[in-house]
Amino acid sequence: MNQSIYSKITDALVDDGYIVIENAINQNLSHSLLQDAKIETKFKRAGISSSPTLHIDTNRRRDRIHWLDDDGSVRSEFLAFTDGLKDYLNKTLFLVLTYYESHYSIYNNGDFYETHVDAFKNSVNRVVTTVYYLNEGWREGDGGELVIYDEHNNFLKKVPPKANTLVVFLSEKFPHEVLAAKKKRYSIAGWFRIDKV
């Protein structure tokens with residue numbers, strides 16, 4: 001069922017290293033995930049750092065997050081999609097991705113995340129990044145765009161965080177930032193990893 005989108009993602013990772021897909025998966029799933037994220041229980045301020053100790057720096061990052069578990073809810077349906085993508089990438093690109101971790105992200109008015117790379121230096125844990133947007137009725141002027149740069153920090157793409165848009169890119173190759181949101185913004189950030197769970 002998802003074979004065509006998996007193939008499209010794989011081809012883009014080989015050719016360009018990234019892809020932006022609008023109307024990526026089931027619209028009803030996108031809506032259900034948004035309703036789930038809006039419950040906003042147990043969200044915590046996101047940190048920065050590769051160390052086990054949480055480091056909060058609101059000058060660099062201001063979103064709040066909640067990690068996703070395969071709990072039999074709508075989250076499991078999304079994780080089944082990403083699990084299928086993991087298997088497809090392993091099979092077609094001969095990767096050794098071992099698992100996928102992800103969390104809801106909420107950006108309130110004024111929240112942002114400065115330019116960063118998802119794969120920490122001297123680490124090969126995160127290989128492929130995904131960002132899935134849940135914001136219905138998002139308009140130009142609402143802010144919160146993802147800006148993607150190349151390895152030399154040249155601008156590549158600005159992505160509005162519109163519902164059911166999926167962004168996939170190689171974690172260590174593309175610096176990126178989230179511009180300040182002008183209203184509440186919801187997404188799921190995730191990473192395919194090659195280290196052990």
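Structure: see above.
Residues numbered from 1 in each chain as written. Predicted model: local features only at pLDDT ≥ 70, side-chain atom pairs only at ≥ 80, totals over all residues. Heavy atoms only, no water.

## Concerning the packing of helix α1 (residues 3-15) against helix α3 (residues 74-93)
Argument step 1. As a packed pair, α1 and α3 sit with axes 10 Å apart at the nearest point and diverge in direction by 50°. By the angle between their directions, the pair α1 and α3 is classed as oblique. For the pair α1 and α3, the crossing hand works out as right-handed. Every residue of α3 that contacts α1 at Gln3, Ile5, Tyr6, Ser7, Ile9, Thr10, Leu13 and Val14 is listed here: Ala80, Phe81, Gly84, Leu85, Tyr88, Leu89, Thr92 and Leu93.
Argument step 2. For the contact of α1 with α3, the residue count by class is 11 nonpolar, 5 polar and no charged. (Axes fitted to C-alpha atoms, helices over the stretch in contact; angles between N-to-C directions. Helix = DSSP H or I, 4+ residues; strand = E, 2+ residues; numbered from the N terminus. Parallel < 35°, antiparallel > 145°, perpendicular 65-115°, else oblique. Left-handed = near helix turned anticlockwise from the far one by under 90°. Contact = heavy atoms within 4.5 Å. Nonpolar A, V, L, I, M, F, W, Y, C, P; charged D, E, K, R; others polar.)

## Notes on the sheet that holds strand β3 (residues 64-67)
Argument step 1. With respect to topology, 7 strands assemble into an open sheet ordered β1-β9-β6-β11-β4-β3-β2, the strand pairing being antiparallel. Strand pairing shows two members of the sheet lacking a second neighbour, β1 (18-21) and β2 (44-45), which therefore form its edges.
Argument step 2. In this structure, strand β6 (residues 126-133) lies alongside strand β11 (residues 185-193), joined through 7 bridges in antiparallel fashion. Bridging across to β11, Tyr133 finds its partner in Ser187.
Argument step 3. Most of the contacts of α1 go to β1, to which it runs at about 145°, and overall it touches β1, β6 and β9 (166-170).
Argument step 4. Strands β4 (99-107), β6 and β11 of the sheet are contacted by helix α2 (residues 27-37), whose axis makes an angle of about 65° with β4. (Pairing = 2+ DSSP bridges.)

## Some points on the pattern of salt bridges
If charged atoms from side chains of opposite charge come close, those side chains can pair.
Argument step 1. One pass over the structure, following the stated rule, counts 12 salt bridges.
Argument step 2. Residue Glu101 pairs with Arg126 through a salt bridge whose shortest N-O separation is 3.4 Å. Separated by 25 residues along the polypeptide, Glu101 in strand β4 and Arg126 in strand β6 bring together distant segments of the chain. Of the two residues examined, Glu101 and Arg126, each falls in the buried class.
Argument step 3. With a closest N to O distance of 2.7 Å, Asp195 and Arg193 form a salt bridge.
Argument step 4. Given the relative accessible area of 25%, Asp195 is considered partly exposed.
Argument step 5. Among the charged side chains, a network of salt bridges with common partners joins Glu101, Arg126, Arg193 and Asp195. (Salt bridge = Lys/Arg side-chain N within 4 Å of Asp/Glu carboxyl O. Buried < 20%, exposed > 50% of the residue type's maximum accessible area, 1.4 Å probe, protein only.)

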